[in-house]
Amino acid sequence: MNLPKLRAIGLTAWAVAVAGLVLFPVYLVLMVSVAPGPALFGERPALMVTAPTLVYWRRVLARGELLGPMAKSLVVATAATGLAVALAAPGAYAVSRWPLRRRHAVLVALLLARMLPELAVGVSLATRFARLGLVDTYLGVTLAHVIGALPFITWILVGAFAGIPVDLEEAAGLDGASWLKTLRSVILPAAAPAVAVAALFVWLYSWNEFLYARLLTTSQNTLPLQVFQAIDRGTKQQMAAVAAVLLVPILFAVAFLQRYLRPDAMAGAVKG
Amino acid sequence: MTLRGRRWTALLSAGLLAFLAPACRRESQTPAAPPRGPALVVSVSLAEDERDAVRELLETFRRETGTAVVLTSIDTANLPDRLRVDVGAGRPTLDLFAQDNLALRVLVDERLVDRLDDVPVPPEVSPAMQPPAFGGHRYFLPFRPNVQVTYVNRRRLEAAGLRPPATVDELREVARRFRAAGRGLGRVTLPLAEGAPATATLCEWILAFGGDPLVLNDAGAAAALAVLQGFWRDGLLARESLLARYDTQVDYLTAETAWVAPNWPFTTGVLADQDLLDRFEVYEGWRGPARAAHVIGGDVLGVPRGLGGARRDKAVALARFLMSREAQRLLAERNAWPTIRADAITGVPPARRTTLAAVERALADGWYRPSVPYWAAVDEALNEVVRRVIVAGEPAAPVLDTLAARVAAARRRTGS
């Protein structure tokens, strides 16, 4: 066997091993959600379920513990994503055009905001939200998630915008484009991969967020709260069933946004 | 506009639309928003199979009073934070809550809970079931007494030809035999996780040896610690004991990490849900040389501070309903909860009878944690005992003397 063929086989095996490692927890969650109790009992339960059951799924669905929390999580995550990107992108663009030293100062300040313990910030923020009557509203959880995500996605976007050559803007300006049109038609498309990464980050952060949801929710849980409730006092299978539902929209979100994650986005943008 | 531009616009528009539409209203599942409408919001931390009976009870309350009740579950650890938010904002969103009897001090100390001196406890409620008063005031009402019972892996027990250990000596023998059969690993998990689990376990052991957890350096405490230290040193306790609390104990039992494990009785429901209950013996646990001792836990009812007028009246009415014979009887019948009232004892589902019998026997040896203002110092000291005496193997007597002095200083500081 020649060397290139060996290398191809090795790389394929490596890729399969990595994929297996990544997908194994997903498999476990799905497997546990359909496992009868005795199948999970003991020190080394089998990794395959020979007699799967949907009884725990039915129970979770019958008790109405999925649809309400899923709808709330979907709305909050999508809204938080839209709002966070809409707020962060123009600010990040402006910062990216500042001199290097000022830009670095802003980036460090943004990271500092993320270094504070979330619980300390969370209780104080939630108290202010409660004064405004935002407890138990979609708006309250959404705004809390936007606040939590803004520093990091601004940091991502500043880096992305800084990498876009100023020549592009100047060329658009020479063609008669206004500043806003340049931002919308030239800069944002060029930065689409970074915007997609930022959006994905906010969406996943909001989808999985627990602390603010716990502090700002009374009557309708989000999905992570529902998972926690199952972990706290429920069965493994019920917890796995709710966790499996958590996975599905993530797959859709990643599938939708991955088309923008192109490594060649800037190729050929500026000649000579 | 390019195709990609349109996609982005569509995505952003959809996101903002999705945001604005529901953001302007409150949750659809809430019959009425708490501050504006007539509904009450009550938080009770429940296992899945306990929820239906509580919902049924709240529906009965709605029929009788016309007041709808939204049931939510905020767990013991998160409830103080939630009350800090509500009370700090002056806008309580909870009207009534049930909280773990072992986690009340923080609610009183931080003034998160209202006094309930004006609410009479029904005379049928046993005095032993009355929650502790704080500074001479009643802040909490009895709701659900509870104690830990012990779960033993039946197959392992039978294979070893043993019976559930009834004394500390028998426990040592069972632990030794289980260790030999279990690849040299300790198979008894005591709830020694940092915080309330460790405190409750040490209190039970010290009392069982004739000691007083508030004194800490008496002969009983020293004897109890010597035994526990020996158990740990000889590998008779599973190392997982340091992480053992109400939720992890269930996992240890079903994964056969633990073959003997004390835990709260909701475990029975979780095991029954998985068709695993018949694999376990459930009984009240072992007694020490002096007595059997079980820390009384369970939930008591409280009203958040800042709830005034009609809302408070309704919350109190709901609390009184939950203490009534009708409510306690239904909870005993459906959830096999031990009851606070002697006149509410009734039949329970067959699968729960053994557990309820064990709970009642354990309650007979129940011990309510005293509501002394220096309890935080006791709690801290008991946790330090676990780290230094049991795990690190330091000699018990000097450590207990040091910690007892610290507790005594806290007692003097609080004027007790």
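Residues numbered from 1 in each chain as written. Chains lettered and ligands numbered in written order. Predicted model: local features only at pLDDT ≥ 70, side-chain atom pairs only at ≥ 80, totals over all residues.

1. Describing the overall build of chain B
And step 1. Along the backbone of chain B there are 15 helices and 10 strands.
And step 2. Taken against the 2.2 N^0.38 rule, which gives 22 Å for 416 residues, the C-alpha radius of gyration of chain B at 24 Å falls within 12% of a compact globule.
And step 3. Each principal axis of the C-alpha distribution contributes one length, and for chain B these read about 70 × 60 × 45 Å.
And step 4. Put simply, chain B has 416 residues, and 51% of those count as buried. (Helix = DSSP H or I, 4+ residues; strand = E, 2+ residues; numbered from the N terminus. Rg over C-alpha atoms; globule rule 2.2 N^0.38 Å. Buried ≥ 20, exposed ≤ 12 C-beta atoms within 10 Å, placed from the backbone.)

2. Describing the interface of chain A and chain B
And step 1. Tallying the contact residues gives 40 residues for chain A and 42 residues for chain B.
And step 2. Those elements that provide at least two residues to the side of chain A that touches chain B are α2 (37–40), α4 (67–96), α6 (118–131), α7 (138–162), α11 (211–215) and α12 (223–233) of chain A.
And step 3. For the side of chain A that touches chain B, the leading source of residues is α4 of chain A, giving eight residues.
And step 4. Residue composition of the side of chain A that touches chain B, by class: 17 nonpolar, 17 polar and six charged. (Contact = placed C-beta atoms within 7 Å. Nonpolar A, V, L, I, M, F, W, Y, C, P; charged D, E, K, R; others polar.)

3. Topic: the domain arrangement of chain A
All names here are of chain A.
And step 1. When cut into domains, chain A gives domain 1 (3–53) and domain 2 (64–260).
And step 2. Just the C-alpha atoms count here: the centres of domain 1 and domain 2 sit 31 Å apart.
And step 3. With seven residues of domain 1 at the interface, the matching set in domain 2 holds seven residues.
And step 4. Looking at the side of domain 1 that touches domain 2, the element that brings in the most residues is helix α1 (residues 3–33), giving five residues.
And step 5. For the side of domain 1 that touches domain 2, a count of residues per class yields six nonpolar, one polar and no charged. (Domains from an automatic or database assignment.)

4. As for the confidence of the model for chain A
Low-pLDDT portions of the prediction should not be read for the details of their coordinates.
And step 1. Of all residues in chain A, 95% attain a pLDDT of 70 or more, and the chain-wide mean is 86.
And step 2. In this model, residues 265–272 of chain A is a region of pLDDT below 50 whose contacts with residues beyond four sequence positions or in other chains number 10 contacts. (pLDDT = per-residue confidence, 0-100.)

5. Regarding the nonpolar core
And step 1. Residues Leu96, Val188, Ala224, Leu301, Leu318, Ala319 and Val385 of chain B are the most contacted members of the largest nonpolar core, which totals 126 residues.
And step 2. For this core, the domains that each give at least three residues are domain 1 (40–146 + 298–356) and domain 2 (149–295 + 372–413) of chain B.
And step 3. The contact partners of valine 188 of chain B, leaving out residues within four places of it in the chain, are Ala175, Phe178, Leu236, Leu237, Ala238, Ala258 and Val260 of chain B.
And step 4. By size, the runner-up hydrophobic cluster in this structure holds 71 residues, among which are Ala84, Ile164, Leu188 and Tyr260 of chain A. (Core = buried A, V, L, I, M, F, W, Y, C linked by C-beta atoms within 7 Å.)

6. Quick notes on the domain arrangement of chain B
Residue and element names in this part refer to chain B.
And step 1. Each assigned domain of chain B is listed here: domain 1 (40–146 + 298–356) and domain 2 (149–295 + 372–413).
And step 2. On a C-alpha basis, the centres of domain 1 and domain 2 stand 28 Å from each other.
And step 3. Listed by partner, the interface residues are 11 residues for domain 1 and 15 residues for domain 2.
And step 4. Those elements that place two or more of their residues in the side of domain 1 that touches domain 2 are α2 (48–65) and α13 (350–364).

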